[in-house]
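Residues per chain are reported as follows:
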Amino acid sequence: MAKQRKHIKVTYSTLGSPDPLLHEYFDEDVAELRANLGKSYNMYIDGEWTAGDGVFTNRSPINTDWVLGDFARAGDAHVDRAVAAAKAAFPGWRDTPWAERADLLNRVADLISERLFEISAAVSMEIGKNRLEAIGDVEESADLIRYCVEAMRDNQGFDRQLLSETDQHFNRSVLKPYGVWGVIGPFNFPAALTGGPSGAALVAGNTVVLKPAAEGSLTAFMIAQCMADAGLPKGAFNVVFGGDAPGKALTANPDLAGLTFTGSYDVGMSILKNFTTAAGYYRPVIAEMGGKNPAIVTANADLDKAALGVMRSAFGLTGQKCSACSRVYVEASVKDAFVDKLVDLTAEIKVGDPTAEDTYMGPIINADAYAAYQGYVDEMRAGDIRIGGRTLEQGEGYFVAPTVVTDLPDDHRLWRHEMFAPIVAVRAVDGKDEAIQHANDVALGLTAGIYSEDADEVDWFLDNMDAGVLYVNRATGATTGAWPGYQSFGGWKGSTGSNKASGSWYYLQQYMREQSHTIVG
């Protein structure tokens, strides 16, 4: 039975001053989830909840004694069956009038919003996001779907009349879906980056096979429940669970017509090189492959605002955002003052159980990431670790300290390597030209920020920064924080496979291909 609760509209802005009921509802659903740990969860294939080749156990990074659930492990045959089901369902779903598809996907979005706190409790416990970030992740998933529904409606199904030579000719352009669309989601946004692209593919008329990150399996299961309960037809949406193997099987399936991938640069580039042409013709890939995101702080900056924005972007979600701020270039005359402010703010960060109201930073995701953090700390001893640089003993979880390092050598690999850890490096520069040279000197180009009260410096930054998402003087986050309809989100260079951004005008069309019709009668 649905819980009778007041509707709370959530965006990143409203999360800055949340309704007190938000905390009450979240606490209730965390308590309920903790009372029901260790259940078994099946995949969703061809309209049925389906067992796998055994199970894998998903444990919380907050406390590895907490078993969130046992999840059906997909073998290659399960992946192939899911693709076959989606292929069989495609003609009927494609031929469903676009307005009816839009209504069904709006229902999915509404169910996600109705179950906001139940799903966000799962996000917090299985990923380690603090409660506000977890709630934002889930509601963003619903709003990404709604944004694509509105794009389809605003463009009337992308069916447009063209010029005609005579009254006997009728010419038009229409965008049509590709077929079976794969979605491979990351662990760090287990709701927004599974539900969002799945919803986009579906509203465009494709059918979907979703393979979430293993660490986000419970969230993906709950998103699949919303898809099923909304009444999507059998086979239109399918989800398979597991590690890398089912993802590889999905991309290898010749009946997959297109793919959305969010993950590492190395894996994304491999997919772009191999998947797009393996069928003998182009198959589209929408890829977001991370970032190495800089902030520039000039001598004309408000240093309090700059330090707060860098801290929030460097250490939100324990630094495990593709948009996390990991590099800061500060004019030498204000570098010491800026670093002192940043260190003071970092010292105030509460690290602990992310489901607690006063926690800002939860654990890092797993044992591999925990070990990688320690390796980065060893490498950073080439510079000056101003704060952090240590693991934290907090029960049986993967807790690490937020870390600020200065004065790393220019050739140090951590200036260019995406760490996915709560580490930010700061370097002095002589001026804005040196700052932009360093900021652009990486293969990735996702987000970037500047702090300056000088309008000419701001314009210079906007004209010269090679990244897809730019922020100016943003205290809420130097390089992070986008919401559908408010900020488009997509990268340049090695951060993208398409150079198109989500949450804006050009995203949904990527899930369709153009066909020209000329009819003489």
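Cut-offs and rules
Residues numbered from 1 in each chain as written. Predicted model: local features only at pLDDT ≥ 70, side-chain atom pairs only at ≥ 80, totals over all residues. Heavy atoms only, no water. Axes fitted to C-alpha atoms, helices over the stretch in contact; angles between N-to-C directions. Helix = DSSP H or I, 4+ residues; strand = E, 2+ residues; numbered from the N terminus. Parallel < 35°, antiparallel > 145°, perpendicular 65-115°, else oblique. Left-handed = near helix turned anticlockwise from the far one by under 90°. Contact = heavy atoms within 4.5 Å. Nonpolar A, V, L, I, M, F, W, Y, C, P; charged D, E, K, R; others polar. Pairing = 2+ DSSP bridges. Buried < 20%, exposed > 50% of the residue type's maximum accessible area, 1.4 Å probe, protein only. Phe/Tyr/Trp six-rings, centres within 6.5 Å; stacked < 30°, edge-to-face > 60°. Core = buried A, V, L, I, M, F, W, Y, C linked by side-chain atoms within 4.5 Å. Salt bridge = Lys/Arg side-chain N within 4 Å of Asp/Glu carboxyl O. Right-handed = clockwise from strand over helix to strand, strands pointing away. Expected span 1.5 Å × (residues − 1). Polar contact = N/O pair within 3.5 Å; in protein donor to acceptor, adjacent residues only side chain to side chain.

### A short note on the packing of helix α1 (residues 20-34) against helix α4 (residues 116-127)
- Here α1 crosses α4 at 65°, and the two axes come no closer than 8 Å. Taken together, the axes of α1 and α4 lie roughly perpendicular to each other. In this structure, α1 crosses over α4, and the sense of that crossing is right-handed. When α1 is examined against α4, the residues Leu-22, Tyr-25, Phe-26, Asp-29, Val-30, Leu-33 and Arg-34 are found in contact with a partner set consisting of Phe-117, Glu-118, Ser-120, Ala-121, Ala-122, Ser-124 and Met-125.
- Partitioning the contact of α1 with α4 into residue classes produces nine nonpolar, two polar and three charged.

### A word on the sheet that holds strand β7 (residues 169-177)
- Spatial ordering of the open sheet is given by β6-β7-β24, a layout of three strands whose pairing is antiparallel. Lying at the two open borders of the sheet, with one neighbouring strand each, are β6 (159-161) and β24 (512-520). Neighbour-to-neighbour, the strand axes of this sheet turn through a mean angle of 20°, independent of strand direction.
- Bridge analysis of β7 against β24 gives nine bridges, and the strand direction is antiparallel. Considered in β24, the bridge of Asn-171 is made with Thr-518.

### Re the side chain of Thr-50
- Looking at where Thr-50 falls in the secondary structure, it is placed in strand β3 (residues 48-50).
- The exposure class assigned to Thr-50 is buried, which follows from its relative accessible area of 9%.

### Re the packing of aromatic side chains
- Across all of its chains, the model carries 14 aromatic pairs by this definition.
- For the ring pair Tyr-41 and Phe-221, a centre distance of 4.8 Å and an interplane angle of 70° mean the geometry is edge-to-face. One end of the pair, Tyr-41, is in strand β1 (residues 39-41); the other, Phe-221, is in helix α7 (residues 217-229), and 180 residues separate them in sequence.
- Assessed through its relative accessible area of 10%, Tyr-41 is described here as buried.
- Through successive ring pairs, a cluster of aromatic residues spans Tyr-41, Tyr-44, Trp-49, Phe-56, Phe-71, Phe-221 and Phe-241.

### Re the packing of helix α3 (residues 98-114) against helix α6 (residues 192-203)
- Here α3 crosses α6 at 160°, and the two axes come no closer than 9 Å. Put simply, α3 runs roughly antiparallel to α6. α6 is crossed by α3, and the crossing has right-handed handedness. Across from Arg-101, Ala-102 and Leu-105 in α3, the residues of α6 making contact are Gly-199, Leu-202 and Val-203.
- Among the residues making up the contact of α3 with α6, the classes are represented as four nonpolar, one polar and one charged.

### Considerations on the nonpolar core
- Formed by 156 residues in total, the largest nonpolar core has its most connected members in Phe-237, Val-310, Val-328, Phe-338 and Leu-508.
- Once you skip the residues sitting within four places of it in the chain, Val-328 turns out to touch Ala-295, Val-297, Val-310, Phe-338, Val-424, Ala-425, Val-426 and Arg-427.
- With six residues, the next largest nonpolar core counts Cys-322, Val-469, Tyr-471 and Phe-489 among its residues.

### Structural notes on the sheet that holds strand β18 (residues 403-406)
- Across the sheet, which stays open at both edges, the seven strands sit in the order β15-β18-β19-β14-β13-β21-β22 with mixed pairing between neighbours. Every other strand in the sheet has two partners, leaving β15 (384-387) and β22 (469-472) as the edge strands with one partner each. Looking at each pair of strands side by side, their axes are set apart by 20° on average, direction ignored.
- In this sheet, strand β19 (residues 423-429) lies alongside strand β14 (residues 325-331) in parallel orientation, the contact comprising five bridges. Residue Tyr-329 lies in a different strand from β19, and its bridge partner there is Arg-427.

### Observations concerning unusual backbone geometry
- Despite not being glycine, Leu-317 shows a phi value in the positive range, around 50°.
- For Leu-317, a relative accessible area of 2% puts it in the buried group.

### Some remarks on the pattern of salt bridges
- Summed over the entire model, instances satisfying the criterion amount to 26 salt bridges.
- A salt bridge links Asp-229 to Arg-115, with the shortest nitrogen-to-oxygen separation between them at 2.9 Å. Within this pair, whereas Asp-229 is found in helix α7, its partner Arg-115 is found in the loop between α3 and α4, the two being separated by 114 residues in sequence.
- With its nearest N and O atoms 4.0 Å apart, the salt bridge here joins Glu-453 to Lys-305. Note that Glu-453 is positioned in the loop between β21 (447-451) and α14 (455-464) and Lys-305 in helix α10 (residues 303-315), a separation of 148 residues in sequence.

### Regarding the environment of Gly-490
- One can find Gly-490 in the loop between β22 and β23 (492-493).
- Each C-alpha atom, one on Gly-490 and one on Leu-111, is 27 Å from the other, the two residues being 379 residues apart in sequence.
- Residues within four places of Gly-490 in sequence aside, it is in contact with Leu-446, Gly-468, Val-469, Lys-500 and Ala-501.

### Focus: the pairing of β7
- Strand direction decides the pairing type here: β6 and β7, joined by three bridges, are antiparallel. Paired with Asp-159 across the two strands is Val-174, which belongs to β7.

### Brief notes about the pairing of β21
- Burial analysis of β21 places five of its five residues in the buried class, the great majority of the element.
- Side-chain alternation along β21 places Thr-447, Gly-449 and Tyr-451 on one buried face and Ala-448 and Ile-450 on a second face that is also buried.
- Inspection of the sheet shows strand β13 (residues 293-297) paired to β21 by three bridges, in the parallel sense. Paired with Ala-295 across the two strands is Gly-449, which belongs to β21.
- As defined by bridge partners, β21 adjoins β22 across four bridges and the pair is classed as parallel. Residue pairing in the sheet places Ala-448 in a bridge with Leu-470 of β22.
- As for the winding sense of the linkage, the β-α-β connection from β21 through α14 to β22 is right-handed.

### Description of helix α5 (residues 131-154)
- The terminal C-alpha atoms of α5 lie 34 Å apart, and with 24 residues this matches the ideal 34 Å at 1.5 Å per residue to within 8%.
- With 18 of its 24 residues buried, α5 lies for the most part within the structure.
- Backbone nitrogen of Leu-132 and a side-chain oxygen of the N-cap are separated by 3.2 Å at the start of α5; the cap is Asn-130.
- Downstream of α5 by one or two residues, Gln-156 has phi in the positive range, about 50°.

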